[in-house]
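# Coordinates in review
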Amino acid sequence: MSDVAPKAPVTEDPLVEATLLEGRYSNDQIGQSLLRPVLGPPGWGWWALVGVCSALVVLLVVAICVTLFVGVGTWGNNIPVAWAFGIINFVWWIGIGHAGTLISAILLLFGEKWRSSVNRMAEAMTLFAVACAGLFPLLHLGRPWKFYYLVPYPSSLRMWPQFRSPLTWDIVAILTYLTVSTLFWYMGLLPDLATARDTAKETWKRRAWGLLSLGWRGSARHWRNWRTGYLLMAGLATPLVVSVHTIVSFDFAVAQLPGWHTTIFPPYFVAGAIFSGLAMVMTLLLPARRVLRLHHVITEAHLDVLARLLLVAGLFVAYGYIQEHFFGWYGGDPYEMHAMSILRTGPYAPAFWTVFTCNVLVPQLFWSRRLRTSPAVLWGAALLVNVGMWLERFVIVVSPLSEDFLPSSWRHYAPTWVDLSLLSGTVGLFGLGFLLFLKLLPPVPISEVKQLQDELESSERFAREVVAEARAPGGGA
Amino acid sequence: MSRWLLGEFRTSQQLLEAARGLRARGFTRMDALTPFPVEGIDEVLSLPPSRLPLLGLVAGVGGAGGAYLVQWFTQAVDWPLDVGGRPLHSGPAFIPIVFESAVLSAAGALFLGVLVACGLPRVTHPFFDLEDFRSASIDGFWLAVTVVDDAGRDAADAALRALGAAQVSLVDEARR
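Residues numbered from 1 in each chain as written. Chains lettered and ligands numbered in written order. Predicted model: local features only at pLDDT ≥ 70, side-chain atom pairs only at ≥ 80, totals over all residues. Heavy atoms only, no water.

### Topic: the overall build of chain A
When helices and strands are tallied, chain A shows 15 helices and zero strands. Its C-alpha atoms give chain A a radius of gyration of 24 Å, near enough to 23 Å, the size a compact globule of 477 residues would have. In terms of overall dimensions, chain A has C-alpha extents of about 90 × 50 × 45 Å along its principal axes. Sequence-distant contacts, at least 24 apart, represent 81% of the contacts inside chain A between residues at least 6 apart. Split by element, the accessible area of chain A, about 19900 Å² in all, is 69% carbon and sulfur. (Helix = DSSP H or I, 4+ residues; strand = E, 2+ residues; numbered from the N terminus. Rg over C-alpha atoms; globule rule 2.2 N^0.38 Å. Contact = heavy atoms within 4.5 Å. Areas by Shrake-Rupley, 256 points an atom, 1.4 Å probe, with all protein chains shown as cover.)

### A short note on the environment of Phe-69 of chain A
Mapped onto the secondary structure, Phe-69 of chain A falls in helix H2 (residues 44-69). Between the alpha carbons of Phe-69 of chain A and Tyr-413 of chain A there is a distance of 23 Å; along the sequence they are 344 residues apart.

### Overview of the interface of chain B and chain A
Taken together, the contacts link 65 residues of chain B with 59 residues of chain A. Between chain B and chain A lies a buried interface of about 5600 Å² when both sides are counted; carbon and sulfur atoms form 64% of it. At the boundary of chain B with chain A, the tally comes to five salt bridges. Between Asp-78 of chain B and Arg-158 of chain A there is a salt bridge, with its nearest N and O atoms 3.2 Å apart. For the pair chain B and chain A, the number of links is 29 residue pairs in polar contact (both at pLDDT 80 or more). Contributions of two or more residues to the side of chain B that touches chain A are made by helix H1 (12-24), strand E2 (30-33), helix H2 (41-44), helix H3 (52-78) and helix H4 (91-118) of chain B. Looking at side-chain class alone, the side of chain B that touches chain A contains 43 nonpolar, 12 polar and 10 charged residues. (Buried area = accessible area lost by both parts, 1.4 Å probe. Salt bridge = Lys/Arg side-chain N within 4 Å of Asp/Glu carboxyl O. Polar contact = N/O pair within 3.5 Å; in protein donor to acceptor, adjacent residues only side chain to side chain. Nonpolar A, V, L, I, M, F, W, Y, C, P; charged D, E, K, R; others polar.)

### Let's talk about the packing of helix H5 (residues 166-199) of chain A against helix H15 (residues 446-471) of chain A
Residues and elements named next belong to chain A. Two elements in contact, H5 and H15, have axes whose closest approach is 7 Å; the angle formed by their N-to-C orientations is 95°. The angle between H5 and H15 places the two elements in the roughly perpendicular class. On H15, the residues that touch Pro-191, Asp-192 and Thr-195 of H5 are Ile-446, Ser-447 and Lys-450. For the contact of H5 with H15, a count of residues per class yields two nonpolar, two polar and two charged. (Axes fitted to C-alpha atoms, helices over the stretch in contact; angles between N-to-C directions. Parallel < 35°, antiparallel > 145°, perpendicular 65-115°, else oblique.)

### Structural notes on the layout of surface pockets
Residues and elements named next belong to chain A. If you add up the space inside the largest pocket, you get close to 1100 Å³. The wall of the largest pocket is formed by 36 residues, among which Leu-49, Pro-287, Phe-434, Leu-435 and Leu-438 lie closest to the centre. Every element with two or more residues in the lining of the largest pocket is listed here: helix H1 (27-39), H2, helix H3 (85-109), helix H8 (265-291), helix H13 (375-402) and helix H14 (417-440). Among the elements that take part in the lining of the largest pocket, H14 stands out by supplying nine residues, more than any other. Class assignment of the residues belonging to the lining of the largest pocket gives a composition of 26 nonpolar, seven polar and three charged. Approximately 720 Å³ is the volume attributed to the second largest pocket. Forming the walls of the second largest pocket are 25 residues, and the residues nearest its centre are Pro-137, Leu-138, Leu-141, Leu-150 and Ile-171. When contributions to the lining of the second largest pocket are tallied by element, the ones reaching two or more residues are H3, helix H4 (119-140) and H5. With seven residues, the single largest contributor to the lining of the second largest pocket is H5. Its residues placed into classes, the lining of the second largest pocket shows 16 nonpolar, five polar and four charged. (1 Å grid on protein atoms, 1.4 Å probe; cavity = no way out; pocket = protein on both sides within 12 Å on 5 of 7 lines; lining within 4 Å. Points joined across faces, edges and corners; volume = space filled by probe spheres on them.)

### Some remarks on the packing of aromatic side chains
A complete count under the given rule lists 43 aromatic pairs over all chains for this structure. Look at Phe-36 of chain B and Phe-141 of chain B: their rings are 5.6 Å apart centre to centre, the planes differ by 80°, and that puts the pair in the edge-to-face class. Here Phe-36 of chain B is found in the loop between E2 and H2, whereas its partner Phe-141 of chain B is found in strand E3 (residues 141-147), with 105 residues between them in sequence. Judged on exposure class, the residue Phe-36 of chain B and its partner Phe-141 of chain B are both buried. One aromatic cluster in this structure is built from Trp-83, Phe-252, Trp-260, Phe-265, Tyr-268, Phe-269 and Tyr-321 of chain A. (Phe/Tyr/Trp six-rings, centres within 6.5 Å; stacked < 30°, edge-to-face > 60°. Buried < 20%, exposed > 50% of the residue type's maximum accessible area, 1.4 Å probe, protein only.)

### A look at the domain arrangement of chain B
How big an interface is tends to be stated in terms of accessible area lost as the parts join. For chain B, the assigned domains are domain 1 (3-49 + 124-175) and domain 2 (52-118). Taken over C-alpha atoms, the centre of domain 1 of chain B sits 45 Å from the centre of domain 2 of chain B. (Domains from an automatic or database assignment.)

### A closer look at the sheet that holds strand E4 (residues 167-172) of chain B
Residue and element names in this part refer to chain B. If you trace the four strands from one edge of the open sheet to the other, you get E2-E3-E1-E4, paired in antiparallel fashion. In this open sheet, the two edge strands, each paired with only one partner strand, are E2 and E4. Across this sheet, the average inter-strand angle for adjacent strands is 25°, counted without regard to direction. Summarising the sheet, E2 and E3 pair through four bridges and their orientation is antiparallel. Each residue of the ladder has a partner; that of Ala-32, found in E3, is Leu-143. (Pairing = 2+ DSSP bridges.)

The following block contains the structure:
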């Protein structure tokens, strides 16, 4: 079972069904193989990674304490660059989260079978990414303990939040996104928590999973309501992804700053979010597939289709870049033209050209089928895209702010150690969350893989019956 | 106090055939307990259509309307703040929060609705007393027939065995 040799089952014709499951297993074997990382003791690699991530989390705590006790003045941003790492990291993390919802919700609506093997990990990634994202606006408030001022509650001040400002839209969008993705994820987990409960040998594990699974019995009534509810929630989560990142882009597009005030931003941001999220899915999925030996459910067909999606999203992003610069020039506004030209030639030009290389040129590798199914190439490309998308947000935020209307107030930006610690700290927090998820919860939806196999088997049985009928004397045409 | 007769089958196909067989023999109060949703079992058990879509719609519309009202009341009525002469009751600016609130309340209602419709959480269902029932989430396909009297129990037992059940057990809520 554990030594499933991965072959190269990628089909020539994209219309021919690809191998979504290597080999056939009993339902018990599927459950055992997918629960092995959860039921067994963790390996040394897991502990080593947990150590690294915990160290980064300590750094995060230190940086947060400095921010709270000394103030946001310890960050590098100041007038005119009033927004920097706080917003860059926020947009980067929230964008990463979006691919998780894309993979789980949109593909569920489209009935894409390949989603089953990867959606759980992608959704978990979403949760931790959104949690990291939420930290930054909170800390950027300066007095995070007063965040509830953004919520409309009847206070003795007799003031209300300003709902005509995109910043209040933001908090509603983020809280909605975090809540809905958590509910969607937990609902998907219920049947697998029941499987974990029934597979575990130790009583305390059975009790813990029994409580978490809420007493799921797999009754036909359960399944019927669960499927309806799950599908409807997917239908809600799909426009939610688009709306959340649109609202994030409004933070910029509604301002009148050259380089921000443009209608291309909402679609361009959504494409960038999905692009960066796909890259992060691959960054996590490829090592997990190898270490947890999930080659039988995450086949080369999955890598192939993920790489294709990355390429398509990359082309959308490239189109956004081209349009942004074209409109800067075509509009003829000197401030807008300046904002675009300093991107290409100004102090942040190295960052801009790195963005161009990572986000436009690197995905072009995946026109080649051989590269699409090579885990090493995919992983390297995914890392580059992660870097490229972070730098993209950096140039979007910092470059127009540092040189706006009045040359006398131009000032360039450099991050401080607190900024850098917050960024790397959230990487550690994200990694720690994902590692704990891999250890505590089934990383691949077990019931969906069983159902997939059942469907594959019944379609094979049907095909055999048709062939047998055609061959039988007097049968078939 | 309910009593059920539980029969375990090996494959989803056997389960479907057995459920059809039991129906043909006049058993109507049945439930199937399976590790994954079995296509076609809903029709055999003639389950009513789920009312969750309506719940989602009502909650979504309610959330949207509530969000619009809150924004209108706070911006245009209770605390009118003139920002450069822009309209106080500015509908388009309210759209993002209206949409997000619609999604939030619909998704929340659906989540709770699924739990209520499934009768969850219920971690101590009598079925869990049966040790072998653990396979219902692994690789066993179970049929539960509700029985009222001893004659019904014997008939269901015979029917389940005749339809190929690998094992048949009685679960009695009164005897816990």
